[in-house]
Amino acid sequence: MEHRRYVPAFFTTTPPSTPASKDRLPGTPVLAVTRILGDGERKKTQAFSEIQSHSLFADKFGRPGRGNDKGAVENLVGCPRRNFMVPIPHAVSWEELNAHLEADCRERRIRQARFPVVKSLDSFDFLAIPSLNKALVLELARCEFLARKENLLLLGNSGTGKTHVALALGLAACQSGHRVRFTTAAALLSELIEARDEKHLLRFQKQLAAYDLLIVDELDFVPLSKTGAELLFELVSQRYERTSVLVPSNLPFDEWTEIFGSERLTGALLDRLTHHVHILEMNGDSYRLKQSRRKRNSPSDR
């Protein structure tokens, strides 16, 4: 194996005054190592040392015969390249460029939120659910509650649009620059239990803590196991007064014990969820059922 390593072209920004740069074309790869010494030491070339001194980066070289080292070094180079050294789009003004970059960031946040479908408040029929406080929903869509670390609970019977409102508020949060994660209770608990079994629960909890808003849908569909209830309580406790949680539920609070099993655990969880909270009442006839009846009674179906 040839014991030489090259610096990627984007690291070749040597100062114009250095001797190494006088006879080298811009973007030309620079020979970094001339000799591998004992104990993993390398004899670096003068050109590479000048680049390192100018650009202030740490070197990390692969070891010959260790194939996994090559991937590790490439990953170190690729991470900043993917996240910071993206091509600048063509724009005729700074305003157009900023608008383009902001749109890209919004689209990335929406993808990372993992919404099953993207819905907005524009498509929600407020007249179908008279019990819903429209003014409060529109105020919440400004996402100021996230800065105050407040929670949202959407309570009402099935089919009244709780998931639609949750998705719409999540979309508004993404568009306002916040990180959002949408999940169902079953999927979340599956991830938590898998992370615990594979000994990286703490890392997964830290990943969840990075989201400004965590939306947990379908919480009351099935009773939770003792382990699942404890993991969910731990998650809510970690987010308490730090970040926001949004939970749609078909059940009133006095029936949440059916989900979590333990009255003590249910009381402690509700205490944290409802300390700083906005509660949206969404009781009424099933919106989906009314739509189904309307379709069956339409002239085209007769």
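Positions within a chain are numbered from 1, following the residues in the order the chain's sequence is written. Owing to the predicted nature of the model, reporting of local features is limited to residues with pLDDT of at least 70; listing and counting of side-chain atom pairs is limited to 80 or more, with chain, interface and lining totals taken over all residues. Side-chain metrics rest on all non-hydrogen atoms present in the structure, leaving aside hydrogens and water.

**Observations regarding the environment of Leu 169**
Each helix is a run of H or I in the DSSP string that is no shorter than four residues. Each strand is a run of E no shorter than two, and both are numbered from the N terminus. Considering the arrangement of structural elements, one finds Leu 169 in helix H7 (residues 162-175). In this structure, the C-alpha to C-alpha distance between Leu 169 and Ile 215, residues 46 residues apart in sequence, is 9.7 Å. Contacts between residues were defined by any pair of non-hydrogen atoms, one from each residue, lying within 4.5 Å. In this structure Leu 169 touches Val 137, Leu 140, Ala 141, Leu 152 and Leu 246, once residues within four positions along its chain are discounted.

**Looking at empty space enclosed by the protein**
Empty pockets left among the atoms are what a rolling probe the size of a water molecule brings to light. Only protein atoms enter the 1 Å grid used here, on which a cavity is any set of points holding a 1.4 Å probe that cannot leave and a pocket is any open set flanked by protein within 12 Å on both sides along at least five of seven lines; residues with an atom within 4 Å of a point are listed as lining. Grid points are joined across faces, edges and corners, and a volume is the space filled by probe spheres set on the points. Enumeration according to the criterion identifies three cavities of 30 Å³ or more in this entry. Taken as a whole, the largest cavity holds about 70 Å³ of empty space. Lining the largest cavity are Leu 214, Val 216, Leu 219, Leu 232, Leu 235, Val 236, Val 245, Val 247, Phe 260, Leu 269 and Leu 273. Taken together, the elements giving at least two residues each to the lining of the largest cavity come down to strand S7 (213-217), helix H10 (226-239), strand S8 (244-249) and helix H12 (263-273). Its residues assigned to classes, the lining of the largest cavity comprises 11 nonpolar, no polar and no charged. Quantified by volume, the second largest cavity comes out at close to 60 Å³. In this structure, the second largest cavity is lined by Lys 149, Asn 151, Val 236, Arg 239, Tyr 240, Glu 241, Thr 243, Val 245, Arg 272, Leu 273, His 275 and His 276. Those elements that provide at least two residues to the lining of the second largest cavity are H10 and H12. All residues other than Ala, Val, Leu, Ile, Met, Phe, Trp, Tyr, Cys, Pro, Asp, Glu, Lys and Arg, Gly among them, are scored as polar; the first ten of these are nonpolar and the last four charged. Tallied by class, residues from the lining of the second largest cavity come to four nonpolar, four polar and four charged.

**Some thoughts on the side chain of Thr 45**
As for its placement among the helices and strands, Thr 45 is situated in the loop between strand S4 (42-44) and helix H2 (46-55). On the basis of relative accessibility, which here comes to 12%, the residue Thr 45 falls in the buried class. To sort residues, take the accessible area from a 1.4 Å probe on protein chains only and compare it with the maximum for the residue type: under 20% means buried, over 50% means exposed, and anything in between is partly exposed.

**Here's the deal with the pairing of strand S5 (residues 151-155)**
A large share of S5 lies buried, amounting to five of its five residues. Alternating residues of S5 divide into Asn 151, Leu 153 and Leu 155 and Leu 152 and Leu 154, and every residue in both groups is buried. For two strands to be treated as a pair, DSSP must find no fewer than two bridges joining them. Two elements, S5 and S8, share four bridges in a ladder whose sense is parallel. Pairing of Leu 152 across the sheet is with Leu 246, part of S8.

**Some points on the pattern of salt bridges**
Salt-bridge detection follows one rule: a side-chain nitrogen of Lys or Arg within 4 Å of a carboxyl oxygen of Asp or Glu. For the structure on display, the rule yields five salt bridges. A salt bridge links Glu 144 to Arg 142; the shortest N-O distance between them is 2.8 Å. Assessed through its relative accessible area of 55%, Arg 142 is described here as exposed. Between Arg 148 and Glu 150 there is a salt bridge, with its nearest N and O atoms 3.0 Å apart. For Glu 150, a relative accessible area of 15% puts it in the buried group.

**Description of the packing of H10 against H12**
Two elements in contact, H10 and H12, have axes whose closest approach is 10 Å; the angle formed by their N-to-C orientations is 25 degrees. One element, H10, and the other, H12, form an angle in the roughly parallel class. Crossing hand, H10 versus H12: left-handed. Contacts between H10 and H12 involve Ala 229, Glu 230, Leu 232, Phe 233, Val 236 and Ser 237 from the former and Leu 265, Ala 268, Leu 269, Arg 272 and Leu 273 from the latter. Here, axes are lines fitted to C-alpha atoms. For helices the fit covers the stretch in contact, and angles between N-to-C directions go from 0 to 180 degrees. Any angle between 65 and 115 degrees counts as roughly perpendicular, while under 35 counts as roughly parallel, over 145 as roughly antiparallel, and the rest as oblique. By definition, turning the near helix anticlockwise from the far helix through less than a right angle yields a left-handed crossing, and turning it clockwise yields a right-handed one.

**With respect to the nonpolar core**
Counting 31 residues, the largest nonpolar core has Leu 132 and Val 165 as the members making the most contacts within it. Put simply, the parts of the chain that give this core at least two residues each are helix H5 (134-140), helix H6 (144-147), S5, H7, strand S6 (180-184) and S7. No other element matches the eight residues that H7 contributes to this core. If near-sequence neighbours (up to four positions away) are discounted, Leu 132 is found in contact with Phe 124, Phe 126, Val 137, Val 165, Leu 280, Glu 281 and Met 282. Of all hydrophobic cores here, the second largest spans 29 residues; its members include Leu 224, Leu 251, Leu 265 and Leu 270. Grouping buried Ala, Val, Leu, Ile, Met, Phe, Trp, Tyr and Cys residues that are joined through side-chain atoms within 4.5 Å yields what is termed a nonpolar core.

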